[in-house]
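# Structural description and commentary
Single-letter residue listing:
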Amino acid sequence: MEVALGIVQGITEFLPVSSSGHLVLLEEVFGYNPPGVGLEVVLHLATALAVAVFFWRRLKGIYLSRYGLLVILGLLPAGLAGALLKDFFEAAFSNLLAVGLSFLLTSFVLLGTKFLKPKGKPINWKIALFVGLAQVLALLPGVSRSGITIAVGLALGLAPEEAFLFSFAMLLPAVLGAAVLEAKDIASVGNPLGLSLGFLASFGFGLGSLWLLRHAVVSRWFWAFGLYTLVLAGISLALAL
């Protein structure tokens, strides 16, 4: 079970298909019970490590420079919204109609990138803020964080590589911060071997997903993921109605 969850985490955490939306659908269709917080923390740490390894040569330039200030600016809107509107966003996890509409939004956003022409603008505080505001929507299950942040970055004129980089530069500190806050729960996981295998699966598939997503963004077929989320939107709405 831990390995399977690690694979799902590694794939859906990075690809623009919404890991939270998948979780809600799995609960509804298969009666899936989420693992304890301890396992979730370990799997999130594995995907955080995958991001760190993938961007290893650029980490110093990302966080120990002006770029790091732009990352902080991009993180602020979602952090504030998550704190102030926590009950609202949590309620969406038990509302299949909201999940279906969120998947639909993700689909339209992704499919819309097919018609964008990259302009190659450098990242600045205005773009960082707008990308951060878009990330607020990703607090809803069904809205892909990587999908909406990369798409908005592209729409605002960022080069594909820059949009991809900034999206995941915002992800790493957020995931690490959340994992540190919940690290005490790791001790509650009773199967060290399963935990280790789940970590390795999440890390390995996370690296593969990052490579695939970067290739999709740079090669301009990023929009195609919208077809998959459109199917998920249809399933969610059918179950809700």
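In this text the structure is predicted, and so the values were computed from the model without any measurement.

### Here's the deal with the overall build of the chain
In terms of regular secondary structure, the chain is built from 12 helices and 0 strands. Taken over 241 residues, the chain has a buried fraction of 46%. A separation threshold of at least 6 residues defines the contact pool for the chain, and within that pool the share at least 24 residues apart is 85%. For the chain, the computed accessible surface area is about 11,800 Å², with 72% contributed by carbon and sulfur atoms. Within the chain, the 11 negative side-chain charges are centred at a point lying 21 Å from the centre of the 14 positive side-chain charges.

### Here's the deal with unusual backbone geometry
Here Ser-18, not a glycine, exhibits a phi torsion of approximately 70°, which is positive. Positionally, Ser-18 belongs in the loop between α1 (2-12) and α2 (19-30). Look at Ser-18 and you get buried, because its relative accessible area is 3%. Unusually for a residue other than glycine, Arg-220 sits at a positive phi of about 65°. By secondary structure assignment, the location of Arg-220 is in the loop between α11 (192-218) and α12 (225-240).

### Remarks on the environment of Leu-25
Position of Leu-25 among the secondary structure elements: in helix α2. Look at Leu-25 and you get buried, because its relative accessible area is 9%. When the C-alpha atoms of Leu-25 and Leu-232 are compared, they prove to be 8.6 Å apart, with 207 residues separating the residues in sequence.

### With respect to the pattern of salt bridges
Tallied over the entire structure, the rule returns 2 salt bridges. Across the pair Arg-58 and Glu-161 runs a salt bridge whose closest N-O atoms are separated by 3.8 Å. With Arg-58 in the loop between α3 (37-54) and α4 (59-63) and Glu-161 in helix α10 (residues 160-181), this residue pair connects regions lying 103 residues apart in the sequence. The class for Arg-58 is partly exposed, based on a relative accessible area of 40%. Taking the relative accessible area as the measure of exposure, Glu-161 reaches 24% and is therefore partly exposed.

### Some points on the packing of aromatic side chains
Under the definition given, this model contains 9 aromatic pairs. Arranged with centres 5.2 Å apart and planes meeting at 55°, the rings of Phe-164 and Phe-168 form a pair that is tilted. With Phe-164 and Phe-168 both in helix α10, this residue pair falls 4 residues apart, about one helical turn. Neither Phe-164 nor Phe-168 differs from the other in exposure class; each is buried. The interplanar angle of 25° and the centroid separation of 5.8 Å between the aromatic rings of Trp-221 and Phe-225 together place this pair among those described as stacked. Taking relative accessible area as the criterion, Phe-225 reaches 11% and is therefore assigned buried. Ring-pair connections join several aromatic residues into one group, and the members of that group are Phe-14, Phe-54, Phe-55, Phe-164 and Phe-168. For Arg-145, the ring lying beneath its charged end belongs to Phe-168, and the centroid distance is 5.5 Å.

Parameters and conventions
Residue indices follow the written sequence of each chain, beginning from 1 at its first position. The predicted nature of this model means local features are confined to residues of pLDDT at least 70 and side-chain atom pairs, given and counted, to a pLDDT of 80 or more, with totals for whole chains, interfaces and linings taken over all residues. Water and hydrogen atoms play no part in the side-chain values, which are based on all heavy atoms of the structure. Only DSSP runs of H or I reaching four residues or more are called helices, and only runs of E reaching two or more are called strands; each is numbered from the N terminus. Only protein chains enter the accessibility calculation, which uses a 1.4 Å probe. A residue is then buried if its area is under 20% of the maximum for its type, exposed if over 50%, and partly exposed in between. Throughout, a residue-residue contact means that at least one pair of heavy atoms, one from each residue, lies within 4.5 Å. Only the protein chains shown count as covering a residue, and every accessible area follows the Shrake-Rupley method with a 1.4 Å probe. Counted as positive: Lys and Arg. Counted as negative: Asp and Glu. His and the chain ends are not counted at all. Where a charge lies is defined by one atom per residue type, namely NZ (Lys), CZ (Arg), CG (Asp) and CD (Glu). What counts as a salt bridge is simple: a side-chain nitrogen of Lys or Arg found within 4 Å of a carboxyl oxygen of Asp or Glu. Note on aromatic contacts: the rings of Phe and Tyr and the six-membered ring of Trp form a pair at centre separations within 6.5 Å, being stacked when their planes are under 30 degrees apart, edge-to-face when over 60 apart, and tilted otherwise. Geometrically, a charge over a ring is one whose NZ (Lys) or CZ (Arg) sits within 6 Å of the ring centre while staying within 35 degrees of the ring normal.

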